[in-house]
Amino acid sequence: MPSELREDPGPEDYHHDVHDDWEDLDGSPAPEVHSRSLDLGLLLLRLGALLLVTRGLDKAVDLQTWIGAVDDHVLGAQAPELVAWLVLLGQLVLPLLLVVGLFTRPAAFLLAALMAAPWVLTVYPRLDYTVLGEGGAVTGEPTLLYLALTLPLVFTGAGRWSLDAMRSTGRP
């Protein structure tokens with residue numbers, strides 16, 4: 001069956017990126033059943049990024065100590081002030097972009113990279129690395145949880161309740 005060209009999707013087709021020819025057995029297209037709850041879930045996921053702002057504020061309060069910690073690491077020693085400022089701004093600005101839902105996909109990608117980098121560069125290569133640490137927690141668990149918080153937003157976008165939806169006529 002050939003595909004037909006579709007007009008811009010209306011609110012009822014909000015979460016459908018492309019039209020496919022899969023239909024129910026009775027021949028009618030399957031209805032979208034999770035529109036409001038999905039948007040609420042994405043909003044709550046985006047609000048969870050506010051937890052990272054406190055980490056950035058902690059670094060901003062004692063900036064010299066943070067720059068010294070970056071300088072002690074082999075990767076940050078080349079340009080400790082630049083790396084320290086980039087991480088600090090990333091932990092302050094990117095979560096705020098996620099919360100308001102502006103440039104959500106790129107901000108979530110950068111934040112996911114910002115959270116994955118410390119785990120890959122500092123936690124995983126340690127000589128005493130074990131998968132499970134004290135109390136059964138995964139080693140580097142907070143970093144992995146922030147990664148798990150931001151990575152879904154890379155693929156889903158912000159949802160309808162965001163500035164992205166306002167600026168792109170309803171599409172995240």
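The rules behind the values
- Residues numbered from 1 in each chain as written.
- Predicted model: local features only at pLDDT ≥ 70, side-chain atom pairs only at ≥ 80, totals over all residues.
- Heavy atoms only, no water.
- Salt bridge = Lys/Arg side-chain N within 4 Å of Asp/Glu carboxyl O.
- Helix = DSSP H or I, 4+ residues; strand = E, 2+ residues; numbered from the N terminus.
- Buried < 20%, exposed > 50% of the residue type's maximum accessible area, 1.4 Å probe, protein only.
- pLDDT = per-residue confidence, 0-100.
- Phe/Tyr/Trp six-rings, centres within 6.5 Å; stacked < 30°, edge-to-face > 60°.
- Lys NZ or Arg CZ within 6 Å of the ring centre and 35° of its normal.
- Core = buried A, V, L, I, M, F, W, Y, C linked by side-chain atoms within 4.5 Å.
- Contact = heavy atoms within 4.5 Å.
- Axes fitted to C-alpha atoms, helices over the stretch in contact; angles between N-to-C directions.
- Parallel < 35°, antiparallel > 145°, perpendicular 65-115°, else oblique.
- Left-handed = near helix turned anticlockwise from the far one by under 90°.
- Nonpolar A, V, L, I, M, F, W, Y, C, P; charged D, E, K, R; others polar.
- Arc of directions from axis to C-beta.
- Expected span 1.5 Å × (residues − 1).
- Bend = angle between axes of the 7 residues up to and from the residue.

(A) Representation of the pattern of salt bridges in the model. Scanning the model with the defined rule gives two salt bridges in all. Salt-bridge contacts for D39 lead to R160; the nearest nitrogen and oxygen are separated by 2.9 Å. In this pair, D39 sits in helix α1 (residues 35-47) while R160 sits in the loop between α6 (141-156) and α7 (163-167), placing the two residues 121 residues apart along the sequence. A residue is classified by how much of its surface remains accessible, and D39, at 2% relative accessible area, is buried. With a closest N to O distance of 3.2 Å, D164 and R167 form a salt bridge.

(B) Highlighting unusual backbone geometry. Located in the positive-phi region is F103, a residue other than glycine, with phi close to 50°. Take F103: it is sitting in the loop between α4 (80-100) and α5 (104-123). Residue class for F103 comes out partly exposed when judged on its relative accessible area of 42%.

(C) Region of the structure containing the confidence of the model for the protein chain. In this model, the protein chain carries a mean pLDDT of 78, and residues with pLDDT of at least 70 account for 74%. Confidence, expressed as mean pLDDT per element, reaches its minimum in the protein chain at α7 with 86 and its maximum at α4 with 92.

(D) Here's a closer look at the packing of aromatic side chains. Summed over all chains, the structure comprises zero aromatic pairs. Looking at K59, its charged tip hangs above the ring of W66, at a distance of 4.8 Å from the centre.

(E) Quick look at the nonpolar core. If you look at the biggest cluster of nonpolar residues, it comprises 25 residues, and the most contacted ones within it are W66, L98, L111 and M115. Mapped by element, the contributors of at least two residues to this core are α2 (50-61), α3 (63-72), α4, α5 and α6. Excluding its chain neighbours within four sequence positions, the residues that come into contact with M115 are L52, Q91, T143, Y146 and L147.

(F) Molecular detail of the packing of α5 against α6. Where α5 meets α6, the closest approach of the two axes is 8 Å, and the angle between their N-to-C directions is 155°. Looking at the two axes, α5 sits roughly antiparallel to α6. In this structure, α5 meets α6 at a crossing whose hand is left-handed. Mapping the contact onto sequence places T104, R105, A108, F109, L111, A112, M115, A116 and W119 in α5 and T143, L144, Y146, L147, T150, L151, L153, V154, F155 and T156 in α6. A breakdown of the residues in the contact of α5 with α6 according to their chemical character gives 14 nonpolar, four polar and one charged.

(G) Local environment of the environment of W66. You can see W66 is positioned in helix α3. Considering only alpha carbons, one finds W66 and E81, 15 residues apart in sequence, at a separation of 9.1 Å. Residues in contact with W66, not counting those within four places in the same chain, are K59, A84, V87 and L88.

(H) Looking closely at α3. Every buried residue belonging to α3 is among L63, W66, I67 and V70, and all of these are buried. The buried side chains of α3 occupy one side of the element, clustering within an arc of 100° when seen end-on. Seen from the buried face of α3, the exposed residues on the opposite side, beyond 90 degrees, are Q64 and D72. Buried residues belonging to α3 abut α2 and α4.

(I) Local environment of the environment of V53. In this fold, V53 is placed in helix α2. Separated by 37 residues in sequence, V53 and G90 have C-alpha atoms that sit 9.2 Å apart.

(J) View of α4. Helix length check: α4 (21 residues) gives 30 Å between terminal C-alpha atoms against 30 Å at 1.5 Å per residue, within 8%. Of all bends in α4, the biggest is about 30°, found at G90. Of all the positions in α4, only P80, A84, V87, L88, G90, Q91, L92, L94, P95, L98 and V99 are classed as buried.

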